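# Notes for the structure review
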Amino acid sequence: MVTANRQFGDFNVGAYVGAETFDEKHSFHYSQTTNGLRLPGIYELSNSVNPATTDAMAKNNTKRINTVFGAIQADWKGQVFMEVTGRNDWSSTLRYSDGSGNVSYFYPSVNASWILTETLRHKLPSAISFFKIRASYAIVGKDSDPYFINDPGTYLY
């Protein structure tokens, strides 16, 4: 991630940009006693009446998300603030088994606020110690579990 800050008179401006890669892999391991325990209250596989059963496999449930993100923030005299952000993800789970599919999704946000008690310090009644107006708008995005968008016969549980 790279960040930068700069002051221009009464304005402070900051920005950052970054990137990330997320990898996720799953495996499965299940063991149980067979026909109960030889000695009650000792919960160990070696205490199974008959040989314990085990089921394990390394599934092909892998997922990778590559991301770039960034934001620009600005404020005027520490009273009026604005921030614009953006993030784009590319997810391996959004590709169909035939190789098609839109693997990219973008989600932005914008927010602004104004601390009126700073701007109108001597014009507001003394009963108002803090007064702020804030507005935000955002779009969110998310991918799916591995193989979820493909034919159920190709989905591994």
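Right, let's walk through the structure included here.

The rules behind each value
Residues numbered from 1 in each chain as written. Predicted model: local features only at pLDDT ≥ 70, side-chain atom pairs only at ≥ 80, totals over all residues. Heavy atoms only, no water. Pairing = 2+ DSSP bridges. Helix = DSSP H or I, 4+ residues; strand = E, 2+ residues; numbered from the N terminus. Axes fitted to C-alpha atoms, helices over the stretch in contact; angles between N-to-C directions. Buried < 20%, exposed > 50% of the residue type's maximum accessible area, 1.4 Å probe, protein only. Polar contact = N/O pair within 3.5 Å; in protein donor to acceptor, adjacent residues only side chain to side chain. Contact = heavy atoms within 4.5 Å.

Moving on to the sheet that holds strand 5 (residues 62-76). As summarised here, the arrangement of the six strands in space is 1-2-5-6-7-8, forming an open sheet in which the pairing is antiparallel. Edge positions in the open sheet fall to strand 1 (2-8) and strand 8 (132-138), since each of these has one partner strand only. On average, each strand axis in the sheet is tilted by 10° relative to the strand beside it, whichever way the strands run. In this sheet, strand 6 (residues 80-91) lies alongside strand 5 in antiparallel orientation, the contact comprising 12 bridges. If you follow Asp75 over to strand 6, its bridge partner there is Phe81.

Relative to the helices and strands, Thr93 resides in the loop between strand 6 and strand 7 (104-115). Relative accessible area serves as the criterion here: at 3%, Thr93 is assigned to the buried category. At 3.4 Å, the side chain of Thr93 forms a polar contact with the side chain of Asp143. Among the polar contacts listed, one links the side chain of Thr93 to the backbone oxygen of Ser144, at a separation of 3.1 Å. The residues touching Thr93, leaving out its near neighbours within four places in the chain, are Lys63, Asp143, Ser144, Asp145, Pro146 and Ile149.

To continue, consider the environment of Asp23. The residue Asp23 is located in strand 2 (residues 11-25) in this model. As a C-alpha pair, Asp23 and Lys63 span 40 residues in sequence and 5.8 Å in three-dimensional space. Setting aside chain neighbours within four positions, we find Asp23 in contact with Lys63 and Arg64. At a separation of 2.7 Å, a polar atom in the side chain of Asp23 contacts the side chain of Arg64.

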